[in-house]
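So you can see what is in the structure, the chains are spelled out below.
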Amino acid sequence: MKKHLPLIFLLLSLLAVVGGTVRVIMTYPYRKAPEVRNYNLSQSWVQALKNQVVLFVEKKKYREAENFLRRIIEALPGNNRAVLMHGKVNFLRGEQALAEQIFRQVIIAEPDDPVARNNLGVLLISRGLYDSGIRELMTALATSGRAGYILKNIYQAFLLSGNLPESQRYWKMASQKNSAPPEEALLLLPEKAVP
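Residues numbered from 1 in each chain as written. Predicted model: local features only at pLDDT ≥ 70, side-chain atom pairs only at ≥ 80, totals over all residues. Heavy atoms only, no water.

1. Focus on the overall build of the protein chain
Then, number 1: For the protein chain, the helix and strand inventory stands at ten helices and zero strands.
Then, number 2: If you list the helices and strands of the protein chain from N to C, you get α-α-α-α-α-α-α-α-α-α.
Then, number 3: The burial tally for the protein chain puts 38% of its 195 residues in the buried class.
Then, number 4: The long-range fraction of contacts in the protein chain, counting pairs at least 24 apart against all pairs at least 6 apart in sequence, stands at 53%.
Then, number 5: Accessible surface, the protein chain: about 11,500 Å² in total, of which carbon and sulfur atoms supply 59%. (Helix = DSSP H or I, 4+ residues; strand = E, 2+ residues; numbered from the N terminus. Buried < 20%, exposed > 50% of the residue type's maximum accessible area, 1.4 Å probe, protein only. Contact = heavy atoms within 4.5 Å. Areas by Shrake-Rupley, 256 points an atom, 1.4 Å probe, with all protein chains shown as cover.)

Laid out in structure tokens, this is it:
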């Protein structure tokens, strides 16, 4: 019996590891079963995934960010913040057609979503469609509680379009606005000096 004790210990240890692995797999909130996917998702799990996405975006690891976003979107269908982040990641990757489709999809679901309107406006302006982009930014401004960053995008849009008086007007408004940090899904136009 003493001779077989290490073998028995090894087999019991292996059985415990296998049993623990099966338990983790069966209780993992991301698995495909709808009854698990839609219930008991901890907010800390979702926030941890979002934090990881933000880190990937900062490091320009867009494929990894997209993989994490797909997990969130599949686990929480209808989470428009994750969908908007997915659109932002696609925009940053250069997939503008897909990003536009995503932003428009959120606008259809929530017409007054200022982040979706802002992001669509930034995308249109980046394509040189200034009138359409500024119109979306103005709509975002009208529905936003975080107007500071949208005001900055508007003054940048007017500056890029060559309308200096409007650009200066919105630059003054933006500089007077004490704005909170932008939501992680919000796109910003690159800063240019206002004359």
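Right, picking up where we left off after that structure.
2. Concerning unusual backbone geometry
Then, number 1: The phi dihedral of K60 falls on the positive side, at around 60°, and the residue is not glycine.
Then, number 2: By relative accessible area, K60 is classed as exposed at 60%.

3. Describing the pattern of salt bridges
Then, number 1: Under the counting rule described, the total for this entry stands at nine salt bridges.
Then, number 2: Note that R169 and E166 form a salt bridge whose closest N and O atoms lie 3.1 Å from each other. Of this pair, R169 and E166 both sit in helix α10 (residues 164-176), three residues apart, roughly one helical turn.
Then, number 3: Look at R169 and you get partly exposed, because its relative accessible area is 41%.
Then, number 4: Each of R63, E66, R70, R93 and E95 takes part in salt bridges that share partners, so that together they form one network. (Salt bridge = Lys/Arg side-chain N within 4 Å of Asp/Glu carboxyl O.)

4. Comments concerning the nonpolar core
Nonpolar side chains in soluble globular proteins generally cluster together in the buried interior.
Then, number 1: Within the largest apolar cluster, 29 residues are counted, with the highest numbers of intra-cluster contacts made by L141, I154 and Y170.
Then, number 2: Elements with a contribution of two residues or more to this core: α5 (80-93), α6 (96-109), α7 (114-126), α8 (130-143), α9 (147-161) and α10.
Then, number 3: Excluding residues that lie within four positions of it along the chain, I154 makes contacts with L137, M138, L141 and Y170.
Then, number 4: If you look at the next biggest cluster of nonpolar residues, it comprises eleven residues, including F56, L69, I72 and A82. (Core = buried A, V, L, I, M, F, W, Y, C linked by side-chain atoms within 4.5 Å.)

5. Quick word on the packing of α7 against α9
If you want to describe how two helices pack, look at the angle between their axes and the distance between the axes.
Then, number 1: Taken N-terminus to C-terminus, the directions of α7 and α9 make an angle of 20°; their axes are 11 Å apart at the nearest point. One way to sum up the angle between α7 and α9 is to call them roughly parallel. In this structure, the crossing between α7 and α9 has a hand that is left-handed. Residues P114, N118, V122 and I125 of α7 lie in contact with α9, whose contacting residues are I150, N153, A157 and L160.
Then, number 2: Grouping the constituent residues of the contact of α7 with α9 by class yields six nonpolar, two polar and no charged. (Axes fitted to C-alpha atoms, helices over the stretch in contact; angles between N-to-C directions. Parallel < 35°, antiparallel > 145°, perpendicular 65-115°, else oblique. Left-handed = near helix turned anticlockwise from the far one by under 90°. Nonpolar A, V, L, I, M, F, W, Y, C, P; charged D, E, K, R; others polar.)

6. Topic: the confidence of the model for the protein chain
Then, number 1: For the protein chain, the average pLDDT comes to 76, and 68% of its residues sit at 70 or higher.
Then, number 2: Predicted confidence for residues 24-40 stays below pLDDT 50, and this span has 20 contacts to residues more than four positions away or in other chains. (pLDDT = per-residue confidence, 0-100.)

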